[in-house]
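Coordinates in review
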Amino acid sequence: MNNLAFYGGKKVRRTPFPFYKTIGKEEVSAVTRVLRSGILSKYIGAWHADFGGGPNVKALEKEWAVYFKVKHAISVNSATSGLIAAIGASGIGPGDEVIVTPFSMCISATAPLFYGAVPVFADIEKEYFCLDPDSVEKKITKRTKAIIVVDLFGQPYDRDKINAIARKHKLVVIEDAAQAPYALYKGKFAGTLGDIGVYSLNYHKHIHCGEGGIVVTNNDELADRVRLIRNHAEAVVGGKGTKDLTNMVGFNFRMTEVEAAITREQLKKLRGFVKKRVAHVAYLAKKLRAISFLRHAKTRKNTTHAYYVQSLLFDEEKAGIAKSAFIEAVKAELVPTKKRESEGVLIASVYKPLYLLPLFKKRVALGKDGFPFRASAVRYQKGMCPVAERLYEKELIVHHLIHPAMRKKDLDDVARAFLKVAGHIHELKRKHS
Ligand SMILES: *Cc1c(COP(=O)(O)O)cnc(C)c1O
């Protein structure tokens, strides 16, 4: 007879986990006010009083800058757009190289391509999963112009070491803080640790407006250039009198008044959401301590974590089975989260190193002739970043079942599923051998 649900035994949990809904009546009233006003966007793509958008966009940008203690906050329609604009604003172009991480969502590494620059992958830290400063330094060449750091899973990157390397080699630090709003490094907010930072307001993130993003910087020139790229730079620079036309081919990366109004309300809730995530992770970490082959990942010294997910390190040798088998067995004990059923149980093995994407392996990005890879000596192949590969293949498990809507009894079920599989691991070993 089998106990594990993976082999037909009884599941630990049969009712869906609660939906992580951040939207409440405050957002509903804010949106209603915008709809009643009839002004859903007020941007004008010319050098004009409305070049910077309407009242909600402007108010949001002011509030965001005050909240995160940064000089400029610039709203955009996604973090993806924000990262592309940050690369453009930094003056990066063909012939340049940008150091990136293989261990993130794809745009953290592909953003340089939109301006014809080549991403160069450095390896990550074993414990914190952010870019490893030693590996970064080894990848610097005379073509390197910037580093895109990611505050992965809500954990700030190693600011002191990476920023020192950047200063020494005159590189721009672009910080992807999509997963880390409200995380701190020595008391300073993630997103504001480099030269220019980007937050996401996509609906999977801590707070959201459907789709959206915010770019932040203390640098006036970078801020000015991001605003131009966001709103049809090429049509604006003449009237504005901009002299440096580098990368001044613009986009429409503008956020609407509706999204800005939602985000203003969401921002007020951010701190409370992060506090809940932190408490949920602490609660689960304690319960999972009983499993000898699983370890809650450490938090970097002098930082606070925003816990986009909880990360767990799996010891295949101690467990005697593959990580993938363990994950499948735990997922089988549980059921999906409401309204995210299509994603299955929110436990995953991440990230497949980005240099293994067809785009890099086949060296095809812009056009058919291999631009911008063709003129570059940079290569992409398996084995390049052994730490990232090992974490993906054997060691790292992450899960979203710590979000603020989870109640104590839901967290208890998550713990029970992990503990049950650990307690019956011999069943998996038998079947898998
Ligand atoms: C979600 C995410 C992005 C992209 O955010 P969008 O707003 O969906 O474009 C970028 N980087 C990281 C690390 C992310 O998690």
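To keep things clear, this report deals only with the structure shown in the data block. Computed from a prediction, not measured in an experiment: that's the story for all the values here.

**Looking at the environment of L83**
Tracing the backbone shows L83 in helix α3 (residues 79-89). Judged by relative accessible area, which is 1%, L83 ranks as buried. Considered as a pair, L83 and P112 are 29 residues apart in the sequence and their alpha carbons are 8.7 Å apart. Sequence-distant contacts of L83, defined by excluding residues within four places in its chain, comprise I107, S108, A111, I174, D176 and V198.

**A look at the pairing of strand β5 (residues 172-176)**
As a general feature of sheets, a regular strand has side chains that alternate between the two faces. Where burial is concerned, most of β5 is hidden: 4 out of the 5 residues are buried. Bridge count for strand β4 (residues 144-150) against β5 is 5 bridges, and the pairing is parallel. Residue pairing for β5: V150 is matched across the bridge by D176. Where β5 meets strand β8 (residues 196-200), 3 bridges bridge the pair, whose relative direction is parallel. Considered in β8, the bridge of I174 is made with I196.

**Comments concerning the sheet that holds β8**
Here we have 7 strands laid out as an open sheet, ordered β1-β9-β8-β5-β4-β2-β3, and mixed in their pairing. The outermost strands of the open sheet, each flanked by one partner alone, are β1 (72-76) and β3 (118-121). When the angles between neighbouring strand axes are averaged without regard to direction, this sheet yields 25°. The sheet contacts of α3 involve β1, β2 (97-100), β4, β5, β8 and β9 (213-217), and relative to β8 the element is tilted by about 165°.

**Brief notes about the nonpolar core**
Ranked by size, the top nonpolar core spans 112 residues in total, and within it W64, F103, F121, F129 and F153 carry the most contacts. It is helix α9 (residues 257-288) that contributes the most residues to this core, 8 residues altogether. Residues in contact with F103, not counting those within four places in the same chain, are I124, F129, L152, F153, V350, Y351, A388, L391, Y392 and L396. Grouped together as the second largest cluster of nonpolar side chains are 36 residues, I291, I327, V345 and L401 included.

**Some remarks on the pairing of β8**
By the criterion of burial, β8 is predominantly enclosed, with 5 of the 5 residues buried. Side-chain alternation along β8 places I196, V198 and S200 on one buried face and G197 and Y199 on a second face that is also buried.

**Some remarks on the side chain of S108**
One can find S108 in helix α4 (residues 107-110). Residues within four places of S108 in sequence aside, it is in contact with L83, V100, I148, V150 and D176.

**Some thoughts on the site of the ligand**
Around the ligand sit 15 residues, and of these T80, D176, Q179, S200 and K205 come closest. At a separation of 2.7 Å, an oxygen atom of the ligand approaches a polar side-chain atom of S200. About the coverage of the ligand: the protein hides 92% of its 390 Å² of free accessible area. Contributing elements (two or more residues each) for the shell around the ligand: α3 and α4. Of the residues in the shell around the ligand, the class split is 5 nonpolar, 8 polar and 2 charged.

Calculation criteria
Throughout, a residue's number is its position along its own chain's written sequence, starting from 1. Totals for whole chains, interfaces and linings use every residue, but because this is a predicted model, local features are given only for residues with pLDDT of at least 70 and side-chain atom pairs only at 80 or more, for both listing and counting. Calculation of side-chain values draws on the structure's entire complement of heavy atoms; hydrogens and water are dropped beforehand. Where helices and strands are cited, they refer to DSSP runs of H or I of at least four residues and of E of at least two residues respectively, numbered from the N terminus. We call a residue buried when its accessible area falls under 20% of the maximum for its residue type, exposed when it is over 50%, and partly exposed in between, using a 1.4 Å probe and counting protein chains only. Note on contacts: a residue pair qualifies if any of its non-hydrogen atoms lie within 4.5 Å across the two residues. Strands qualify as paired when DSSP identifies two bridges or more between them. To get an axis, fit a line to the C-alpha atoms, keeping to the stretch in contact for a helix; angles then go from 0 to 180 degrees between the N-to-C directions. Only buried residues count toward a nonpolar core. Its members are Ala, Val, Leu, Ile, Met, Phe, Trp, Tyr and Cys residues joined through side-chain atoms within 4.5 Å. We call a residue near a molecule or strand whenever a single non-hydrogen atom of that residue lies within 4 Å of it. In the analysis that follows, any N or O atom pair within 3.5 Å is treated as a polar contact, provided that within protein one partner can donate a hydrogen and the other can accept it, and provided that, for residues neighboring in sequence, both atoms belong to side chains. Note that accessible areas follow from Shrake-Rupley with a 1.4 Å probe, and for residues the cover is restricted to the protein chains shown. Under this grouping Gly is polar, as are all residues other than the nonpolar Ala, Val, Leu, Ile, Met, Phe, Trp, Tyr, Cys and Pro and the charged Asp, Glu, Lys and Arg.

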